[in-house]
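Working through the structure, step by step
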Amino acid sequence: KEIAFIFDLDGVIVDTAKYHFLAWRNLATQLGFEFTEAHNELLKGVSRIKSLEILLNIGKVQLSEEEKQKYLVQKNEEYLSFVNKMTSEEILPGVSNLLDYLDAHNIKYALGSASKNAPLILEKVGLYKRFSALVDGNDVSKAKPDPEVFLIGAKKLNMKPENCVVVEDAIAGVEAAKLANMKCVGIGDAEVLGKADVVFKDMTGFTSEFLNKLINN
Ligand code: B16
Ligand code: MG
């Protein structure tokens, strides 16, 4: 059966969450409150503007629209200073093997990320050219858990949703995949990502045994 993959970026292909954390934490410090790694969990898979809203809520800080825009630009510039130093060494374990397998079996794959910086990040780690299609934060109007991002991905790949396999690390992303009527592999904690069809603790879970079964089904 013909299938295709749609990958989330942060937490699946690379761990950019650690750079988002540093940049958000500096903003919180500047605004006079503490922002912890536990707080950062709440921002995973969430859009940039929604992330700022959550952060301001944590600090009980109110800002004008103008100030919000200013801080969003500042945060993104700092985040990009980390992204600009990324190399292929930051590709998460298991990812390169999986992409090699998919290429060898002529299985197409797309990116389905909430990040507006996704094309740059893929370029930095040397994966940009390998993807058949990219859907990022610039293409979608409705954030995950809305299925829009993955439905656009399926369209760009010319595939039916039910023949797409989404790989996601965030609860909202798993929900979006299921709402899109796609198969979903969760990456992380099985208790957290309970709605996924199968959960691996990391990307090394994609063994050739698992993949062979998947494509022969
Ligand atoms: P940006 P994903 C998401 O990426 C991140 O998980 C989330 O923390 C971030 O706020 C969002 O991208 C937007 O990123 O500020 O670069 O546009 O997991 O959907 O690949
Ligand atoms: Mg993610």
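Each chain carries its own residue numbering, running from 1 in the written order of its sequence. Lettering of chains starts at A and numbering of ligands starts at 1, both following the order in which they are written. Local features in this predicted model are restricted to residues whose pLDDT is 70 or higher, and side-chain atom pairs enter the listing and the counts only when it is 80 or higher, whereas totals over whole chains, interfaces and linings include all residues.

Section: the overall build of the chain
Labels follow the DSSP assignment, with helices taken as runs of H or I lasting at least four residues and strands as runs of E lasting at least two, numbered in each case from the N terminus. For the chain, the count of helices and strands is nine helices and six strands. Projected onto the principal axes, the alpha-carbon positions of the chain cover approximately 55 × 35 × 30 Å. Buried residues are those with 20 or more other C-beta atoms within 10 Å of their own C-beta, exposed residues have 12 or fewer, and partly exposed residues lie in between; C-beta atoms are placed from the backbone. Classification of the 217 residues of the chain by burial places 37% in the buried group. Residue pairs qualify as contacts under a 7 Å threshold applied to their C-beta atoms, which are placed from the backbone. Pairs at least 24 apart in sequence give 58% of the contacts found in the chain among residues at least 6 apart.

Comments concerning the UniProt feature "active site" (unreviewed entry) in the chain
UniProt positions are given in the numbering used here, feature names are shortened, and annotations may be inferred rather than shown by experiment. The residues that UniProt annotates with the feature "active site" (unreviewed entry) are Asp8 and Asp10. Among the structural elements, Asp8 can be located in the loop between β1 (4-7) and α1 (17-31). On the basis of neighbour counts, which here come to 28 C-beta atoms within 10 Å, the residue Asp8 falls in the buried class. Here Asp10 is to be found in the loop between β1 and α1. A residue is classified by how many C-beta atoms lie within 10 Å of it, and Asp10, with 24 of them, is buried. Not counting residues within four places of it along the chain, the set of residues in contact with Asp10 comprises Thr16, Ala17, Ser113 and Ser115.

Some points on the sheet that holds β1
Whether two strands pair comes down to DSSP finding at least two bridges between them. Spatial strand order, β3-β2-β1-β4-β5-β6: six strands in an open sheet with parallel pairing. What marks the edges here is a single partner per strand, and that holds for β3 (133-135) and β6 (198-200). Pairwise comparison of adjacent strand axes, ignoring direction, gives a mean angle of 20° for this sheet. Here β1 runs beside strand β4 (residues 164-168); their pairing, made up of four bridges, is parallel. The residue of β4 that forms the bridge with Phe7 is Val167. The strands that helix α7 (residues 148-157) touches are β1, β2 (109-112), β3 and β4; relative to β3, the one it contacts most, it runs at about 160°. Every axis in this analysis is a line fitted to C-alpha atoms, fitted for helices over the stretch in contact. Angles between the N-to-C directions lie between 0 and 180 degrees.

Some thoughts on helix α5 (residues 95-104)
In an α-helix there are 3.6 residues to a turn, and that puts residues three or four apart on one side. Listing the buried residues of α5 in full gives Val95, Leu98 and Leu99. Projected down its long axis, α5 carries its buried residues within an arc of 95°, all on one side. Exposed side chains of α5 directed beyond 90 degrees from the buried face belong to Asp100 and Ala104. Immediately beyond the C-terminal end of α5, within one or two residues, lies Asn106, with a positive phi of roughly 55°. Starting at the helix axis, one direction is taken to each C-beta atom, and the arc is that of these directions.

As for the pairing of strand β5 (residues 183-187)
Burial of β5 is extensive: five of the five residues sit out of reach of the surface. Side chains Lys183, Val185 and Ile187 of β5 all project onto a buried face; the interleaved residues Cys184 and Gly186 project onto the opposite face, where all are buried too. Pairing between β4 and β5: four bridges, direction parallel. Paired with Val165 across the bridge in β5 is Lys183. Two elements, β5 and β6, share three bridges in a ladder whose sense is parallel.

As for the packing of helix α3 (residues 48-59) against helix α4 (residues 65-83)
Taken N-terminus to C-terminus, the directions of α3 and α4 make an angle of 110°; their axes are 11 Å apart at the nearest point. With respect to α4, the axis of α3 lies roughly perpendicular. In the packing of α3 onto α4, the handedness of the crossing is right-handed. Of α4, the residues touching α3 (which contributes Arg48, Ile49 and Leu52) are Lys68, Tyr71 and Leu72. Should an angle fall under 35 degrees it is called roughly parallel, over 145 degrees roughly antiparallel, and 65 to 115 degrees roughly perpendicular, with every other angle called oblique. Throughout, a crossing is termed right-handed when the near helix is turned clockwise from the far one, and left-handed when it is turned anticlockwise from it by less than a right angle.

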